[in-house]
Amino acid sequence: MSVTSEATTSWKGALTDGSGEIALESSNQGPLPVNWQARSEGSTSVTTPEELLAAAHSSCFSMALSHALAQNGTPPTSVETTASVTFIPGTGITGSHLNVNASVPGLSAEDFDRIAQEAKTGCPVSAALTGIEITLEATLA
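About the cut-offs
- Residues numbered from 1 in each chain as written.
- Predicted model: local features only at pLDDT ≥ 70, side-chain atom pairs only at ≥ 80, totals over all residues.
- Heavy atoms only, no water.
- Helix = DSSP H or I, 4+ residues; strand = E, 2+ residues; numbered from the N terminus.
- Contact = heavy atoms within 4.5 Å.
- Areas by Shrake-Rupley, 256 points an atom, 1.4 Å probe, with all protein chains shown as cover.
- Lys, Arg positive; Asp, Glu negative; His and termini not counted.
- Charge placed at Lys NZ, Arg CZ, Asp CG, Glu CD.
- Pairing = 2+ DSSP bridges.
- Axes fitted to C-alpha atoms, helices over the stretch in contact; angles between N-to-C directions.
- Phe/Tyr/Trp six-rings, centres within 6.5 Å; stacked < 30°, edge-to-face > 60°.
- Lys NZ or Arg CZ within 6 Å of the ring centre and 35° of its normal.
- Expected span 1.5 Å × (residues − 1).
- Buried < 20%, exposed > 50% of the residue type's maximum accessible area, 1.4 Å probe, protein only.

1. Section: the overall build of the protein
For the protein, the count of helices and strands is four helices and six strands. Overall, the protein is about 55 × 35 × 25 Å in size when its C-alpha atoms are taken along their principal axes. Excluding contacts between residues fewer than 6 apart, the proportion of contacts in the protein whose partners are at least 24 apart in sequence is 49%. When the accessible surface of the protein is totalled, it reaches about 8,500 Å², and 50% of it is carbon and sulfur. In the protein, which carries 4 positive and 14 negative side-chain charges, the distance between the mean positions of the two groups comes to 5 Å.

Rendered as structure tokens:
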């Protein structure tokens, strides 16, 4: 069974002086504002495509890692992942850095690093991002 997810963006104006709103199909939240200034200069109040991509990457990787750890016989107590997606105006998206901290009773640091690297490669969002560099910093708590 396939699942299709949707998001819709309504945009008004040109790139640099325009703005838009992103509506997520599943969200009961109001629309997310988006604009070029936030994307090119950063913002703590307006989202960007890269922030949404980081959310997708961090959640996908967390699920892939949790699954891989459980298959290893060492299910995690917790997994916390931050994805940092870099955008350079005029160049585009250049990378995604995954920083994960997990509590996994009974697992060695070496096995954790190996499983985390495999999860990074096996995560479907990582597979979709093969055109950029994906790095991983994994810490076993």
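2. Brief notes about the sheet that holds strand S4 (residues 78-88)
Read from one edge of the open sheet, three strands run S4-S5-S6, paired in mixed fashion. At either end of the open sheet lies a strand with only one pairing partner, and these are S4 and strand S6 (133-140). Adjacent strand axes in the sheet meet at a mean angle of 15°, parallel and antiparallel pairs treated alike. Running over the sheet, helix H2 (residues 49-71) touches S4, strand S5 (92-103) and S6 and is turned about 150° from S4. Relative to S6, helix H3 (residues 109-122) is tilted by about 150°, and along the sheet it contacts S5 and S6.

3. A short note on the packing of aromatic side chains
For the coordinates displayed, the defined rule picks out one aromatic pair. A cation sits over an aromatic face here: Arg39 above Phe87, 4.2 Å from the ring centre.

4. A word on H2
Between its first and last C-alpha atoms H2 spans 33 Å; for 23 residues at 1.5 Å apiece the expected length is 33 Å, and the two agree. When we look at burial in H2, the residues that qualify are Glu50, Ala54, His57, Ser58, Cys60, Phe61, Ser62, Ala64, Leu65 and Leu69. Looking at the packing, one finds that the buried side of H2 touches helix H1 (36-41), S4, S5, H3, helix H4 (124-128) and S6. Immediately beyond the C-terminal end of H2, within one or two residues, lies Gly73, with a positive phi of roughly 85°.

5. Points about the sheet that holds strand S2 (residues 19-24)
Pairing in this open sheet of three strands is antiparallel, and the strands run S1-S2-S3 from one edge to the other. The outermost strands of the open sheet, each flanked by one partner alone, are strand S1 (7-12) and strand S3 (32-35). With direction set aside, neighbouring strand axes in the sheet form an average angle of 25°. Strand direction decides the pairing type here: S1 and S2, joined by six bridges, are antiparallel. For Trp11, the partnering residue across the bridge sits in S2 and is Gly20.

Everything listed is a geometric property; what it means functionally is a separate question.
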